[in-house]
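Commentary on secondary and tertiary structure
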Amino acid sequence: MTNTRKTAARVLAMTAPVALLALPLAFTSSTASARSSDSTTYMATLKPLNHAGGSGMLMVQLTGSKAVITEDVKGLAQTFMNAPFPHVQHIHINGMGACPNTSADKNGDGVVSTTEGGPAYGAIGTTLGLTGDTSPAAGTNIKIAPSGADFHYSRTITLDAATVASIKDGKAVIVVHGLDPKTLSAKAQAEPSDLVPSLPLAATSPALCGPLAASQMAMVPGGGVNTGGGGSSGIQDSWLFVTGAGLTAAAGGTLVLRRRTSAEK
């Protein structure tokens with residue numbers, strides 16, 4: 001065997017195993033990291049009810065009973081009695097895990113009230129207020145509610161056992177309340193709230209609703225949130241990174257081989 005062939009064999013023997021071994025090692029590390037996390041991410045796409053024109057997204061990262069909640073809402077009723085409209089919101093539990101349709105409007109006023117929607121989404125499990133109490137008792141406290149047409153909500157809270165169980169069972173639903181009275185029928189505009197009779201029906205009726213469901217974004221290694229595209233993209237990115245590293249190593253070996261071959265010529 002010539003010196004050139006001996007050099008080529010020696011370089012390939014060193015670089016090929018390094019490039020190939022990098023793949024399973026990195027994947028095993030990422031998989032172990034993902035499995036070691038006990039966090040699960042749940043998502044809700046908030047869709048309009050009762051002629052509301054808004055929309056939103058809410059995410060819950062649940063670790064035991066600790067919930068890290070982030071939410072973005074836009075397009076809701078903007079003002080109420082010359083002030084930013086307070087939109088009380090909750091995690092509803094122990095219903096059918098669904099949002100009501102128009103058939104839930106039993107009195108024919110064109111509005112599915114909170115109580116009429118109850119069989120679909122259940123009772124209040126947790127109040128998503130800005131501060132303070134998160135129990136059902138705070139469910140109609142407009143002083144702690146997010147307000148205005150658009151808002152960003154972010155809070156870390158501890159959930160009770162019933163809410164955690166409903167989330168894991170696929171029975172939890174996010175409901176954001178508060179309608180623009182001008183969008184309702186004359187009959188509905190004249191009705192009091194079914195929750196707080198001193199307020200109009202529009203003030204407490206559901207505006208946005210979305211069931212919470214486990215998201216594949218929770219598969220990202222380490223339990224982090226992948227805001228790029230969900231699915232298994234976190235693991236796929238690890239593969240791409242390691243593959244790229246392997247190819248780089250192989251390319252480096254080829255470069256060394258070429259340099260040595262040229263020198264020996």
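Look a little higher up for the structure.
One structure accompanies this document, and this report is about it. (Residues numbered from 1 in each chain as written. Predicted model: local features only at pLDDT ≥ 70, side-chain atom pairs only at ≥ 80, totals over all residues. Heavy atoms only, no water.)

1. Some remarks on the packing of aromatic side chains
- Taken as a whole, this structure holds 1 aromatic pair when the rule is applied.
- When the ring of phenylalanine 80 is compared with that of phenylalanine 85, the centres are 5.3 Å apart and the planes differ by 50°; the resulting orientation is tilted. Taken individually, phenylalanine 80 and phenylalanine 85 each receive the classification buried, so the pair is uniform in this respect. (Phe/Tyr/Trp six-rings, centres within 6.5 Å; stacked < 30°, edge-to-face > 60°. Buried < 20%, exposed > 50% of the residue type's maximum accessible area, 1.4 Å probe, protein only.)

2. Section: the side chain of serine 39
- For serine 39, the location among the structural elements is in strand β1 (residues 39-48).
- For serine 39, a relative accessible area of 19% translates into the label buried.
- Of the polar contacts made by the side chain of serine 39, one reaches the side chain of threonine 63; its length is 2.4 Å.
- Apart from the residues lying within four places of it in its own chain, the contact partners of serine 39 are Gln61, Leu62 and Thr63. (Helix = DSSP H or I, 4+ residues; strand = E, 2+ residues; numbered from the N terminus. Polar contact = N/O pair within 3.5 Å; in protein donor to acceptor, adjacent residues only side chain to side chain. Contact = heavy atoms within 4.5 Å.)

3. Considering the state of the cysteines
- For the structure on display, the rule yields 1 disulfide.
- Paired through a disulfide, cysteine 99 and cysteine 209 show a sulfur-sulfur distance of 2.0 Å. Classification of the bridge connecting cysteine 99 and cysteine 209 rests on its S-S torsion, roughly -95°, and on that basis the disulfide is left-handed. A residue pair is termed long-range when its members are at least 10 positions apart, and cysteine 99 in the loop between β6 (89-93) and α2 (114-121) and cysteine 209 in strand β10 (residues 206-211) qualify at 110 residues.
- By relative accessible area, which is 28% here, cysteine 99 ends up partly exposed. (Disulfide = S-S within 2.5 Å.)

4. Digging into the environment of isoleucine 144
- Examined against the element boundaries, isoleucine 144 turns out to sit in the loop between β7 (123-127) and β8 (151-158).
- Isoleucine 144 sits in the buried class, given a relative accessible area of 11%.
- Every residue in contact with isoleucine 144, bar those within four places of it in the chain, is listed here: Gly129, Leu130, Thr131, Asp133 and Ala138.

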